[in-house]
Amino acid sequence: MARHRNVRGLKYDEDFEDDDVYGQSVEDDYCISPATAAQFIYKRDDYNRRAFAEEPLEEGDEYAEDKVEEPSHNNQPILSGVDQARLHCCLDEIREVLGDSVSEQVLVDAVLNSQYDAHKALDLVLSEDSQQTSKIKTQSTAPAQKSTIGKAREQSARVDADIVPKVAKMTVSGKQITGFNIPSANVDENGHLRKGTVTEETSPSPLPEVSSKSNSTAHVASLTEEAAVVQTLSKGSTKTRQQIDVKAELEKRQGGKQLLNLVVIGHVDAGKSTLMGHLLYLLGKVNKRIMHKYEQESKKAGKASFAFAWVLDETGEERERGVTMDVGMTTFETKTKVITLMDAPGHKDFIPNMITGAAQADVAILVVDASRGEFEAGFEAGGQTREHALLVRSLGVTQLAVAVNKMDQVNWQPERFKEISNKLGHFLKQAGFKDSDVAYIPTTGLNGENLITRSQVPELKVWYNGPCLLEQIDFFKSPQRPVEKPFRLCVADVFKDQGSGFSVTGKIEAGYVQTGDRVLVMPPNETCIVKGIALHDEPLDWAAAGDHVTLTVTGVDIIKINVGCIFCDPKAPIKTCTRFRARVLIFSIDIPITQGLPVLLHYQTLSEPCTIRRLVSVLHKSTGEVLKKKPKCLTKGQNALIELQAQRPVSLELYKDFKELGRFMLRYSGSSIAAGVVTEIKE
Ligand code: GDP
């Protein structure tokens, strides 16, 4: 289960106090990133450098013996110990600036060509493209020096060969690719890493990282294959993306099961968390011991009836207040589907969080409280039943299961069930849901009736023979995954984890991504490298539209990445603007909308202040024909074309190009006032 974390509130300095522990973790089962390993390894280099700087190299020096004085196979002159130390110094200095983005070979060449001047070497690397760099290699290197470089390469390769077993000590996931280049020659037939000469071609280069703590031998066994991928990905900056048949692979990966992102919505206290907590318990997703613990703890806290809700309400405050505040996330399976479940907060104070959850959903369960007066409270103005339903519909959800919950409170009366279904049905139709896409299921989350099996309660059996909740979830149609479109991921969370770089979570809305890919982040218009991909905590080489993933990225400052940023394909970037036009549907509002109104734009996971810059026209609801130009105001239920001005650049797609990414919501003073689709990008 994952929660959105407060990244900005984190004190990274404190986090990094454990750095030395990271070093030790090379021996652990824990995941370790190349940067972490690099820190560890760097220390050794540092040690050598210091040793070289402070003391003259003696003949008996172990390092000199092992690494320097060893005769060259091709009789090439070798770097002296001091020169090697100077080389390492320079490399360290350059890496401080460039990180791992340039291959070791290029750096070594640049350092040697600039006579060990790190600044000059850095300039060389930065100012010259790969062609120029190779020109330097061939033009300015005298034959003797050339062989020096060859030796230096060989030596640096050897140093890296020494590194490999250290990295190999941790459990290397077959799914992820290591940050150190593991040439296939270094992997024996059993998939084990072996020490060996690293050829020039396979010398270290920026690569995706290891981050898994998987202990599967199968993972290790697939290392040879992974190493091949490493090589494919590692060939310079113009790396060739390994071609994969994403659709076929997706089928294989899920064992034939389709993916479905499900959000649970409804008025506060309707019983959402209890319902889903109990469902997860019945599915065996919560072990008995933990459930017993929740029961004891909730009893102690005087909230015994919330025990199942605690499965999803994880934080202390949520439990104390008895309300869901953030979006709880977990997975379970039905007969034909793998479900990512998002439990959205019902309280109106947390609607922005609910929007974040709903923006990533394909389908929804709307939970209503069947108790007398309670359904009405949630359904009337001010209740969240209507607002949530409208929000999810506006965010693109078309299929809905209504759990008419707490049926035990009304003795499973069919009349009450019908009354609620009728009232809701009428409203949902107006909100844009087709009758055939809405199903009503009588449930009781507290007693677990009609959740994963059809209820045998006699009072229900006499009048209901429809599906239970789990069956209904299984009946949902999985949406098409636009895997052939350019890559898009909306950031729902940003956090710093162990190791290099940082991580973002979000749903891939379109296309697919592979480890090693360079992706563009909009805004701030920066590129970064995807070092690792995880789906439901499982490391993967690639992920595609519909997947709710965690990406570990490097090459961009975490400060620049916010919730709401879009990761996209640099070759087909998302459009960014501060002014755009949209067709909107005005919700039930008391005060008409006028020009200049400050609103909050909710787009995917982004919420950004905007103003309504212009009321362009009022449109006919179904034909779209212009009924009135330049209206003075817009009132409830109207369809209109408006122009919005954002304070800062926002990345959007036109609805006609990208249905999934062309929708948004407008809120004003804590209420949703309109839903819209982007029709034109102005600036
Ligand atoms: P949420 O705010 O919608 O997530 O609601 P919770 O799951 O936190 O439940 C609110 C209260 O309703 C808790 O006291 C639950 O025990 C109670 N509740 C939930 N489902 C049922 C039910 O089916 N029957 C009864 N009688 N109470 C329920």
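The model shown is predicted, which means the values in this text are computed figures rather than measured ones. (Residues numbered from 1 in each chain as written. Predicted model: local features only at pLDDT ≥ 70, side-chain atom pairs only at ≥ 80, totals over all residues. Heavy atoms only, no water.)

Q: Can you help me understand the overall build of the protein chain in this one?
A: Tallying secondary structure elements over the protein chain gives 22 helices and 24 strands in all. The proportion of buried residues among the 683 residues of the protein chain is 55%. Considering only residue pairs separated by 6 or more positions, the protein chain has 72% of its internal contacts joining residues 24 or more positions apart. Surface exposure of the protein chain reaches about 30900 Å², of which carbon and sulfur atoms provide 50%. (Helix = DSSP H or I, 4+ residues; strand = E, 2+ residues; numbered from the N terminus. Buried < 20%, exposed > 50% of the residue type's maximum accessible area, 1.4 Å probe, protein only. Contact = heavy atoms within 4.5 Å. Areas by Shrake-Rupley, 256 points an atom, 1.4 Å probe, with all protein chains shown as cover.)

Q: Teacher, can you tell me more about the packing of aromatic side chains here?
A: For any pair of aromatic rings, geometry is given as the distance between the ring centres together with the angle between the planes. The final tally for this structure, using the stated rule, is 6 aromatic pairs. Centroid distance Phe417 to Trp463: 5.2 Å. Interplanar angle 45°. Geometry classified as tilted. A residue pair is termed long-range when its members are at least 10 positions apart, and Phe417 in helix α20 (residues 414-430) and Trp463 in the loop between α21 (458-461) and α22 (469-475) qualify at 46 residues. Between the aromatic rings of Phe417 and Tyr464, the centroid separation amounts to 6.3 Å while the plane-to-plane angle is 70°, which identifies the pairing as edge-to-face. Within this pair, whereas Phe417 is found in helix α20, its partner Tyr464 is found in the loop between α21 and α22, the two being separated by 47 residues in sequence. The burial state of Phe417 is the same as that of Tyr464; both residues are buried. (Phe/Tyr/Trp six-rings, centres within 6.5 Å; stacked < 30°, edge-to-face > 60°.)

Q: Any chance you could explain the side chain of Ser651 here in plain terms?
A: When you line up the elements, Ser651 lands in strand β22 (residues 639-652). Overall, Ser651 belongs to the buried group, its relative accessible area being 3%. A polar contact of 3.5 Å, which involves the side chain of Ser651, links it to the backbone oxygen of Met522. Here Thr576 takes part through its side chain, which lies 2.9 Å from a polar atom of the side chain of Ser651. Ignoring anything within four residues of it in the chain, the contact list for Ser651 reads Met522, Pro523, Ile566, Ile574, Lys575, Thr576 and Tyr603. (Polar contact = N/O pair within 3.5 Å; in protein donor to acceptor, adjacent residues only side chain to side chain.)

Q: I tried to follow unusual backbone geometry on my own but got confused; where do I start?
A: The general pattern is negative phi for most residues beyond glycine and trans for most peptide bonds. Going from Pro523 to Pro524, the amide bond is cis rather than trans, its omega being 25°. In this structure, Pro524 sits in the loop between β10 (518-522) and β11 (526-535).

Q: Would you explain the pairing of strand β8 (residues 502-510) in this entry?
A: Looking along a regular strand, one sees side chains alternate from face to face of the sheet. The buried fraction of β8 amounts to 9 of the 9 residues, a majority that puts the element mostly inside the structure. Between strand β7 (residues 488-495) and the antiparallel strand that follows it, β8, lie 6 residues; Gly499 among them carries a positive phi value of about 85°. (Pairing = 2+ DSSP bridges.)

Q: Help me understand the nonpolar core, please; the structure alone is not making it clear to me.
A: Across soluble globular proteins, you tend to see nonpolar side chains buried next to one another. In terms of nonpolar packing, the biggest core is built from 67 residues, with Leu262, Phe332, Ile365, Val402, Leu424, Leu428 and Leu469 touching the most fellow members. If you look at the next biggest cluster of nonpolar residues, it comprises 38 residues, including Ala510, Leu520, Cys577 and Phe664. (Core = buried A, V, L, I, M, F, W, Y, C linked by side-chain atoms within 4.5 Å.)

Q: Looking at this model, I keep getting lost on helix α19 (residues 384-394). Mind explaining?
A: Every α-helix carries 3.6 residues per turn, so stepping three or four residues along brings you back to the same face. Where burial is concerned, most of α19 is hidden: 9 out of the 11 residues are buried. Those residues of α19 not exposed but buried are Gln384, Thr385, Glu387, His388, Ala389, Leu390, Leu391, Val392 and Ser394. The positive-phi residue at the C-terminal boundary of α19 is Gly396, with phi of around 105°.

Q: What is the right way to look at the confidence of the model for the protein chain in this model?
A: Where the model shows low pLDDT, its predicted coordinates should not be examined in detail. The predicted model of the protein chain averages 71 in pLDDT, with 63% of residues at 70 or higher. At the low end of the mean pLDDT range in the protein chain sits helix α2 (residues 19-24), at 28; at the high end sits strand β6 (residues 438-442), at 97. Segment residues 1-77 is flagged for pLDDT under 50; beyond a separation of four residues in sequence, or across chains, it makes 127 contacts in the model. Across residues 132-239, where pLDDT falls below 50, the model places 220 contacts with residues more than four positions away in sequence or in other chains. (pLDDT = per-residue confidence, 0-100.)

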